[in-house]
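The lines below spell out each chain.
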Amino acid sequence: QVQLVESGGGLVQAGGSLRLSCAASGSIFRIITMGWYRQAPGKQRELVAAMPTGGSSNYADSVKGRFTISRDNAKNTVDLQMNSLKPEDTAVYYCNVNVVDGTTPGKWVNDYWGQGTQVTVSS
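In this report, we go over the structure that sits alongside the text. None of these values were measured; they are calculated from a predicted model. (Residues numbered from 1 in each chain as written. Predicted model: local features only at pLDDT ≥ 70, side-chain atom pairs only at ≥ 80, totals over all residues. Heavy atoms only, no water.)

1. Describing a nonpolar patch on the surface
A contiguous nonpolar surface patch, about 290 Å² in accessible area, is contributed by Ile32, Trp108 and Val109. With respect to the helices and strands, tryptophan 108 occurs in strand E10 (residues 107-113). By relative accessible area, tryptophan 108 is classed as exposed at 56%. (Patch = residues over 30% accessible without salt bridge, like charges linked within 9 Å, V, L, I, M, F, W, Y side chains within 5 Å. Areas by Shrake-Rupley, 256 points an atom, 1.4 Å probe, with all protein chains shown as cover. Salt bridge = Lys/Arg side-chain N within 4 Å of Asp/Glu carboxyl O. Helix = DSSP H or I, 4+ residues; strand = E, 2+ residues; numbered from the N terminus. Buried < 20%, exposed > 50% of the residue type's maximum accessible area, 1.4 Å probe, protein only.)

Here it is as structure tokens:
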């Protein structure tokens with residue numbers, strides 16, 4: 001089992017910045033991808049940014065140039081630096097990790113989610 005702990009959400013004015021952090025722990029053998037998703041009220045969950053292990057980062061078009069994802073592989077953490085925040089960035093942000101852990105019968109690649117952290121950007 002893998003647990004994710006998120007931090008860094010809050011209330012910020014438009015144009016401001018926040019940094020989200022996520023730490024993964026538990027029975028992790030290999031991390032395939034770590035990333036961040038968000039879900040605004042009444043909206044579907046969407047990918048914000050992701051960073052595969054050994055691969056290039058990818059971002060939603062709406063955050064390119066404003067958000068930066070980073071990882072510390074040794075500590076199994078992923079951060080999301082969010083700059084130039086806009087009201088439309090308001091959402092609950094969820095850390096996600098896709099891992100090889102062997103804990104689910106029949107498959108060894110699994111997704112785990114953090115509890116979510118609220119980001120609110122005021123006009």
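2. Considerations on the environment of aspartate 89
Its place among the elements puts aspartate 89 in the loop between strand E8 (77-82) and strand E9 (91-104). Looking at aspartate 89, the relative accessible area reads 0%, which means it is buried. Separated by 32 residues in sequence, aspartate 89 and valine 121 place their C-alpha atoms 6.7 Å apart. Filtering out sequence-adjacent residues up to four positions away, aspartate 89 remains in contact with Arg38, Val63, Arg66, Phe67, Ser84, Val119 and Val121. A polar contact is formed between the side chain of aspartate 89 and the backbone nitrogen of lysine 86, at a distance of 2.8 Å. (Contact = heavy atoms within 4.5 Å. Polar contact = N/O pair within 3.5 Å; in protein donor to acceptor, adjacent residues only side chain to side chain.)

3. Side note on the pairing of strand E3 (residues 18-26)
As judged from the 6 bridges shared by strand E1 (residues 2-7) and E3, these two strands associate in the antiparallel manner. Following the sheet pairing, serine 7 is matched in E3 by serine 21. Across 6 bridges, E3 lies against E8 in antiparallel orientation. By the bridge assignment for E8, leucine 18 is matched with methionine 82. (Pairing = 2+ DSSP bridges.)

4. Here we look at the pattern of salt bridges
Counting across every chain of the model gives 6 salt bridges. Between aspartate 79 and arginine 19 there is a salt bridge, with the nearest N and O atoms lying 3.0 Å from each other. In this pair, aspartate 79 is assigned in strand E8 and arginine 19 in strand E3, connecting sequence segments 60 residues apart. Aspartate 72 is the partner of lysine 75 in a salt bridge, and the nearest nitrogen-oxygen pair spans 3.8 Å. Classification of lysine 75 by relative accessible area gives exposed; the value is 56%. For aspartate 72, a relative accessible area of 29% translates into the label partly exposed. Via salt bridges that share partners, Arg38, Glu46, Arg66 and Asp89 belong to a single interconnected network.

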